[in-house]
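Here are the chains, one letter per residue:
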Amino acid sequence: MVDDIAEIIRMLSSRSVVERKRAIRELKKHMHGPHSHMLRLSLQYMAEHDPCYTVRNIAKQAFYITGVSMPQNGGWERVFVFES
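What comes next concerns the included structure.

Reading the values: rules and limits
Residues numbered from 1 in each chain as written. Predicted model: local features only at pLDDT ≥ 70, side-chain atom pairs only at ≥ 80, totals over all residues. Heavy atoms only, no water. Buried < 20%, exposed > 50% of the residue type's maximum accessible area, 1.4 Å probe, protein only. Helix = DSSP H or I, 4+ residues; strand = E, 2+ residues; numbered from the N terminus. Arc of directions from axis to C-beta. Contact = heavy atoms within 4.5 Å. Salt bridge = Lys/Arg side-chain N within 4 Å of Asp/Glu carboxyl O. Axes fitted to C-alpha atoms, helices over the stretch in contact; angles between N-to-C directions. Parallel < 35°, antiparallel > 145°, perpendicular 65-115°, else oblique. Nonpolar A, V, L, I, M, F, W, Y, C, P; charged D, E, K, R; others polar.

As for helix α1 (residues 2-12)
Quick reminder: α-helices carry 3.6 residues per turn. Residues three or four places apart thus point the same way. All of the buried residues in α1 are I5, I8, M11 and L12. Relative to the axis of α1, the buried residues are bounded by an arc of 120 degrees and lie together on one face. Exposed residues on α1 whose side chains face more than 90 degrees from its buried face are V2 and D3. Among the structural elements, α2 (17-27) and α3 (36-49) are those in contact with the buried residues of α1.

Okay, here's the thing in structure tokens:
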């Protein structure tokens, strides 16, 4: 499961628009899992900052389709990315 999530996050950083769109579709399957907070933050970043309008729109729709609200400011404290 964690390997799947790592692969999805790698796909989100791809230069290919098709690859990023496919990653968002895959990401929707894991939005309610135990490791979903990092995925939600990644999806929120894509919805706000992706250079392609289509990818931004698909990312926003993913939140509405899965019924998950977008994380508010300060959402990083639940993600233990910076622990040593």
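Quick word on the pattern of salt bridges
Scanning all chains against the criterion turns up five salt bridges. The partner of R22 in a salt bridge is E19, with the nearest N and O atoms 2.9 Å apart. Taken together, the positions of R22 and E19, both in helix α2 and three residues apart, correspond to about one turn of that helix. E19 sits in the buried class, given a relative accessible area of 17%. Of the charged contacts in the structure, one is a salt bridge between K29 and E26, with a shortest N-O distance of 3.3 Å.

Here we look at the packing of α2 against helix α4 (residues 53-66)
Where α2 meets α4, the axes come as close as 10 Å, and the angle between the chain directions of the two elements is 0 degrees. With respect to each other, α2 and α4 are oriented roughly parallel. Across the interface between the two elements, V17, R20, K21 and I24 from α2 touch T54, V55, I58, A59 and A62 from α4. Counted by class, the contact of α2 with α4 contains six nonpolar, one polar and two charged residues.

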